[in-house]
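Structural characterization, general
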Amino acid sequence: MRDDELLTVAEVMGRLKVGRSTVYDLIRTRRLPSVTIGRCRRIPASALRHFIADEMERAA
């Protein structure tokens, strides 16, 4: 996964193994940054990596 890659909500769902509503909830609460391009929501790969690292740190 490249840092400048933009992921779809479906791709994030697959990587985190969660449902669509969970991904949108993370976006809505600003825990997972995203951008809107037209009507499409995209999540930077670096933001997903940062989110996972933060969650791992919280769990430790």
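Residues numbered from 1 in each chain as written. Predicted model: local features only at pLDDT ≥ 70, side-chain atom pairs only at ≥ 80, totals over all residues. Heavy atoms only, no water.

1. Some details on the overall build of the chain
Note the following rule: Numbered from the N terminus, helices here are DSSP runs of H or I no shorter than four residues, and strands are runs of E no shorter than two. We compute the radius of gyration over the C-alpha atoms and compare it with the globule rule, which gives 2.2 Å times the number of residues raised to the power 0.38. Classification of residues uses two cut-offs on accessible area relative to the type maximum, computed with a 1.4 Å probe and protein chains only: under 20% is buried, over 50% is exposed, and between them is partly exposed. Any two residues having at least one pair of non-hydrogen atoms within 4.5 Å are treated as being in contact. Values of accessible area rely on a 1.4 Å probe in the Shrake-Rupley scheme; residue burial ignores everything except the protein chains shown.
For the chain, the count of helices and strands is three helices and three strands. Listing the helices and strands of the chain from first to last along the sequence gives β-α-α-β-β-α. Since a compact globule built from 60 residues should have a radius of gyration of about 10 Å, the 11 Å found for the chain is in line with a globular shape. Dimensions of the chain, computed from the C-alpha atoms along their principal axes, are close to 40 × 25 × 20 Å. Split into buried and exposed, the 60 residues of the chain put 23% on the buried side. Counting contacts in the chain only where the partners sit at least 6 residues apart, residues at least 24 apart contribute 51% of the total. Put simply, the chain shows about 4,300 Å² of open surface, and 53% of that area lies on carbon and sulfur atoms.

2. Describing the environment of Asp 4
Here Asp 4 is to be found in the segment before strand S1 (6–8). Assessed through its relative accessible area of 53%, Asp 4 is described here as exposed. Each C-alpha atom of the pair Asp 4 and Ser 46 lies 7.1 Å from the other, and the pair is 42 residues apart in sequence.

3. Overview of the pairing of strand S3 (residues 40–44)
Condition: Strand pairing is assigned whenever DSSP detects at least two bridges linking the two strands.
The pairing of S1 with S3 spans three bridges and is classified as antiparallel. Bridge pairing in S3 places Leu 6 opposite Pro 44. Remark: two residues form the turn of the hairpin made by strand S2 (residues 35–37) and S3, two consecutive strands paired antiparallel; Gly 38 in that turn has positive phi of roughly 65°.

4. Concerning the sheet that holds S2
Note the cut-off: Orientation is described by lines fitted to C-alpha atoms, with helices fitted over the stretch in contact, and by angles between N-to-C directions that extend from 0 to 180 degrees.
The strand order across the open sheet formed by three strands is S1-S3-S2, and the pairing between neighbours is antiparallel. Among the strands making up the open sheet, the edge pair consists of S1 and S2. Neighbouring strand axes in the sheet, compared pairwise and without regard to direction, differ in orientation by 45° on average. Sheet topology places S2 next to S3; three bridges connect them, and they run antiparallel. Each bridged residue has a counterpart across the sheet, and for Thr 36 the counterpart in S3 is Arg 41. The strands touched by helix H3 (residues 45–59) are S1 and S3; relative to S3, the strand with the most contacts, the crossing angle is about 60°.

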